[in-house]
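So the chains spell out like this:
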Amino acid sequence: MAKNKEVTVEERLRALYDLQLIDSRIDEIRNVRGELPLEVRDLEDEVAGLNIRLEKLVSSLEVIDNDIASRKNLIEEAKALIKKYTEQQKNVRNNREYNSLTKEVEFQELEIQLAEKHIKEFKAQIEQKKEVIAETKERLKERETHLKHKKSELNDILAETEKEEKALIQKSEDYKNEIEERLVSAYTRIRQNVKNGLAVVPIERGASGGSFFTIPPQIQVEIAARKKIITDEHSGRILVDAQLAEEQKEKMEKLFAKIS
């Protein structure tokens, strides 16, 4: 249906309902995927976060190891000084020098005690961090396994539907290009404003499909005449008669079968 060609209201209605059927089929395909893409992204973020946490924990262990090594060096230096001051005490000339060296020895002994205390604290931190690392690794392994499963599940669905979805999206665009812009705009606006995305619906047992409000008999006659585009006063949806809807469904089912 070319835009520059004069078309009837019935042709517009058929084109709009065809577009609705195509877009509804795309919606169905996406609903099959459901929350899987979001779940996969969340799991990927969680795995990345756990890896970063693990790296920081391992890095902090290296820092603590360096701190322990530093305190051990300090202890060795203090012991060497104690030995030096003790030897010097043997050769002092007065009590003042002896007492001064004694204070130096005591100070170095306190330094050793403090360093040993720090080493003990550092070793406790290491044990604690090793426990956290083990727990994080276990959590990471579990999340990676879950992510692998979800990715596989998503890839299977994509493999089954991606080709069809792309073809349908192209068909949807083709139809939109063949329909007047004002009608496409109205159709798009209605689809965005209703929960199930149904902008064009048939009359079903005297009521509007999608809203289920009864349509007055006179309006039903006008809809069946296909002389003007009529919308449901309750939902704003564009209405088509059941026969037209059935004919277009049969047409689209053949198209879907060919695409899939």
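Thresholds applied
Residues numbered from 1 in each chain as written. Predicted model: local features only at pLDDT ≥ 70, side-chain atom pairs only at ≥ 80, totals over all residues. Heavy atoms only, no water. Helix = DSSP H or I, 4+ residues; strand = E, 2+ residues; numbered from the N terminus. Rg over C-alpha atoms; globule rule 2.2 N^0.38 Å. Buried < 20%, exposed > 50% of the residue type's maximum accessible area, 1.4 Å probe, protein only. Salt bridge = Lys/Arg side-chain N within 4 Å of Asp/Glu carboxyl O. Polar contact = N/O pair within 3.5 Å; in protein donor to acceptor, adjacent residues only side chain to side chain. Pairing = 2+ DSSP bridges. Bend = angle between axes of the 7 residues up to and from the residue.

(A) Representation of the overall build of the chain in the model. Tallying secondary structure elements over the chain gives 6 helices and 4 strands in all. When the elements of the chain are put in sequence order from the N terminus, they spell out α-α-α-α-β-β-α-β-β-α. In summary, the chain has a C-alpha radius of gyration of 39 Å against a globular reference of 18 Å for 260 residues, an excess of more than 25%. Structurally, the chain occupies a C-alpha span of about 125 × 35 × 35 Å along its principal axes.

(B) Highlighting unusual backbone geometry. Even without being glycine, arginine 205 reaches a positive phi, approximately 50 degrees. Mapped onto the fold, arginine 205 is located in the loop between β1 (200-204) and β2 (207-208). We note that arginine 226 has phi near 55 degrees; this positive angle belongs to a residue other than glycine. Within the secondary structure, arginine 226 is located in the loop between α5 (217-225) and β3 (230-231). Taking the relative accessible area as the measure of exposure, arginine 226 reaches 13% and is therefore buried.

(C) Broad picture of the pattern of salt bridges. Throughout the structure, instances matching the rule amount to 25 salt bridges. In this structure, the salt-bridge partner of glutamate 87 is lysine 90, at a minimum N-O distance of 3.3 Å. Look at lysine 90 and you get exposed, because its relative accessible area is 59%. A salt bridge links arginine 139 to glutamate 142, with the shortest nitrogen-to-oxygen separation between them at 3.5 Å. Taken as a pair, arginine 139 and glutamate 142 lie in helix α3 (residues 95-178) at a separation of 3 residues, close to a single helical turn. For glutamate 142, a relative accessible area of 36% translates into the label partly exposed. Connected via shared salt-bridge partners are Glu10, Arg14, Arg226, Asp241 and Glu247.

(D) Spatial organisation of the environment of glutamate 11. Assignment of secondary structure puts glutamate 11 in helix α1 (residues 9-33). One polar contact links the side chain of glutamate 11 to the main-chain amide nitrogen of threonine 8, over a distance of 2.9 Å.

(E) Structural detail: the sheet that holds β3. If you walk across this open sheet you meet the 4 strands as β2-β1-β4-β3, and the pairing is mixed. Strands at the two margins of the open sheet, each flanked by one partner only, are β2 and β3. Of the strand pairs in this sheet, β3 and strand β4 (residues 238-240) are connected by 2 bridges, and their pairing is antiparallel. Looking at the pairing, isoleucine 230 lines up with leucine 239 of β4.

(F) View of the environment of valine 240. Tracing the chain through its elements places valine 240 in strand β4. C-alpha separation for the pair valine 240 and arginine 14, spaced 226 residues apart in sequence, amounts to 8.5 Å.

(G) Examining α3 more closely. Maximum bend of α3: about 45 degrees, positioned at threonine 161. For α3, the N-terminal cap is asparagine 94; the gap from its side-chain oxygen to the backbone nitrogen of arginine 96 is 3.2 Å.

(H) Just the pairing of β1, in detail. In terms of burial, β1 is largely enclosed, as 4 of its 5 residues are buried. Judged from the 3 bridges that link them, β1 and β4 form a sheet pairing that is parallel. When the bridges of β4 are listed, valine 200 appears paired with isoleucine 238. In this structure, β1 lies alongside β2, joined through 2 bridges in antiparallel fashion. Bridge pairing links glutamate 204 to alanine 207 in β2. Here β1 hands over to β2 after 2 residues, with arginine 205 in that stretch at a positive phi of 50 degrees.

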